[in-house]
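Each chain, letter by letter, is given below.
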Amino acid sequence: MTFDEELLLWLGDETPAIGAADAERVHEIAAEFARGFDALSRVGRAVTVFGSARTPREHPDYSLVREVGACLGRAGYAVITGGGPGLMEAANRGARDAGALSIGCNIELPREQAANEFLDISLRFHHFFVRKVMFVRYACAFVIAPGGYGTLDELFEALTLIQTRTIRHFPVILLGGGEWESLLEWLRETVLARRYIDPGDLGGLQLVQTPGEIPGIVDAARRRLREHGRTYRRPTPAS
């Protein structure tokens, strides 16, 4: 059983026994956040790239995403991925090709996912939610390559954070052509048409087909962020 599986397990009639361990669990979660913050706090500007772990090296998407990592690296961005094989490896490999910092944030899974061989910083997390914070906190954009549930989860997580203004001026870049058309059509013709989202909620999505387009989009978003201004608000103690 993974840490997240145990954390999200229905407690049923065992609430007192399991609940007694929650205080220790909170300390473990805090320690995992601290390790991630410490390891990544000096990364500088970075972009997180998502994509399928199942894509083989000989697939055209692998070469495409490798070039994405290289383009970002040449533009001065570190590349962050989930640290595993497939398109995650391709992005890390591209960053390594360009001499840029290559970062992997791996996760404990029932079927173990080994870290790829192209990482300068390799982290392994027990909790998905801690890992997701690292993907967002240390990046200024997401690039979404073709993938499965995990990739789609990160896509809609990013869109939700933008919609709720939790992150600002944060482009979400869809890589590829036909892979995304049906999804975008469904969002426009069903979700938007029924007013479950607003027209502006789709504004953060940008579809690109060539890796060379991506650094310019990320640079423009960073300029908007500087123009908008970003300040840190110290939490106010509860009265």
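What counts as what
- Residues numbered from 1 in each chain as written.
- Predicted model: local features only at pLDDT ≥ 70, side-chain atom pairs only at ≥ 80, totals over all residues.
- Heavy atoms only, no water.
- Axes fitted to C-alpha atoms, helices over the stretch in contact; angles between N-to-C directions.
- Helix = DSSP H or I, 4+ residues; strand = E, 2+ residues; numbered from the N terminus.
- Left-handed = near helix turned anticlockwise from the far one by under 90°.
- Contact = heavy atoms within 4.5 Å.
- Nonpolar A, V, L, I, M, F, W, Y, C, P; charged D, E, K, R; others polar.
- Pairing = 2+ DSSP bridges.
- Parallel < 35°, antiparallel > 145°, perpendicular 65-115°, else oblique.
- pLDDT = per-residue confidence, 0-100.
- Core = buried A, V, L, I, M, F, W, Y, C linked by side-chain atoms within 4.5 Å.
- Buried < 20%, exposed > 50% of the residue type's maximum accessible area, 1.4 Å probe, protein only.
- Lys, Arg positive; Asp, Glu negative; His and termini not counted.
- Salt bridge = Lys/Arg side-chain N within 4 Å of Asp/Glu carboxyl O.
- Polar contact = N/O pair within 3.5 Å; in protein donor to acceptor, adjacent residues only side chain to side chain.

Turning our eyes to something else, we now look at the packing of helix 6 (residues 128-137) against helix 7 (residues 149-163). How two helices pack is summed up by the angle between their axes together with the distance between the axes. Packing of helix 6 against helix 7 brings their axes to within 12 Å, and their N-to-C directions diverge by 65°. In the packing of helix 6 onto helix 7, the handedness of the crossing is right-handed. Residues Lys132, Phe135 and Val136 of helix 6 lie in contact with helix 7, whose contacting residues are Asp153, Glu154, Glu157 and Leu161. Partitioning the contact of helix 6 with helix 7 into residue classes produces three nonpolar, no polar and four charged.

This part takes up the sheet that holds strand 3 (residues 102-107). Spatially, the seven strands line up as an open sheet ordered 4-3-2-1-5-6-7, and their pairing is parallel. Edge positions in the sheet fall to strand 4 (121-125) and strand 7 (205-208), since each has one partner strand and no second. Between one strand axis and the next, the sheet turns through 25° on average, direction left out of account. In the sheet, strand 2 (residues 78-81) pairs with strand 3 via three bridges, with the strands oriented parallel. Residue Val79 lies in a different strand from strand 3, and its bridge partner there is Ser102.

Glancing now at unusual backbone geometry. Phi is positive for Arg165, which is not a glycine, with a value near 60°. Its location among the elements puts Arg165 in the loop between helix 7 and strand 6 (172-175). The phi dihedral of Arg195 falls on the positive side, at around 65°, and the residue is not glycine. Mapped onto the elements, Arg195 comes out in the loop between helix 8 (178-192) and strand 7.

Note on placement: Ser41 falls in the loop between helix 3 (22-40) and strand 1 (46-50). Sequence separation between Ser41 and Arg137 is 96 residues; the distance between their C-alpha atoms is 9.6 Å.

Bringing the packing of helix 4 (residues 60-74) against helix 5 (residues 86-97) into the picture now. In the contact formed by helix 4 and helix 5, the axes pass within 6 Å of each other and the chain directions differ by 40°. One way to sum up the angle between helix 4 and helix 5 is to call them oblique. Every pair of crossing elements has a handedness; the one defined by helix 4 and helix 5 is right-handed. Counting all contacts with helix 4, which are made through Asp61, Tyr62, Val65, Arg66, Gly69 and Ala70, the residues of helix 5 involved are Gly86, Leu87, Glu89, Ala90, Ala91, Arg93, Gly94, Ala95 and Asp97. Of the residues that constitute the contact of helix 4 with helix 5, the class distribution is seven nonpolar, three polar and five charged.

Averaged over every residue, the pLDDT of the protein chain is 89; the share at 70 or more is 87%. The low-confidence segment residues 231-239, where pLDDT is below 50, has zero contacts with residues more than four positions distant or belonging to other chains.

Glancing now at the nonpolar core. Counting 36 residues, the largest nonpolar core has Leu40, Ile103, Cys105, Phe142, Ile144, Leu155 and Leu205 as the members making the most contacts within it. Core analysis: the next-biggest nonpolar cluster, separate from the first, contains 23 residues, Val79, Ala91, Ile173 and Val208 among them.

Tracing the backbone shows Arg93 in helix 5. One buried charged side chain, Arg93, makes no salt bridge at all; its nearest oppositely charged neighbour is Glu89, positioned 4.5 Å away. Within the structure, Arg93 has its side chain in polar contact with the side chain of Tyr62 (distance 3.1 Å). Non-local contacts of Arg93, meaning those with residues more than four positions away in its chain, are made with Arg57, Tyr62, Arg66 and Phe118.

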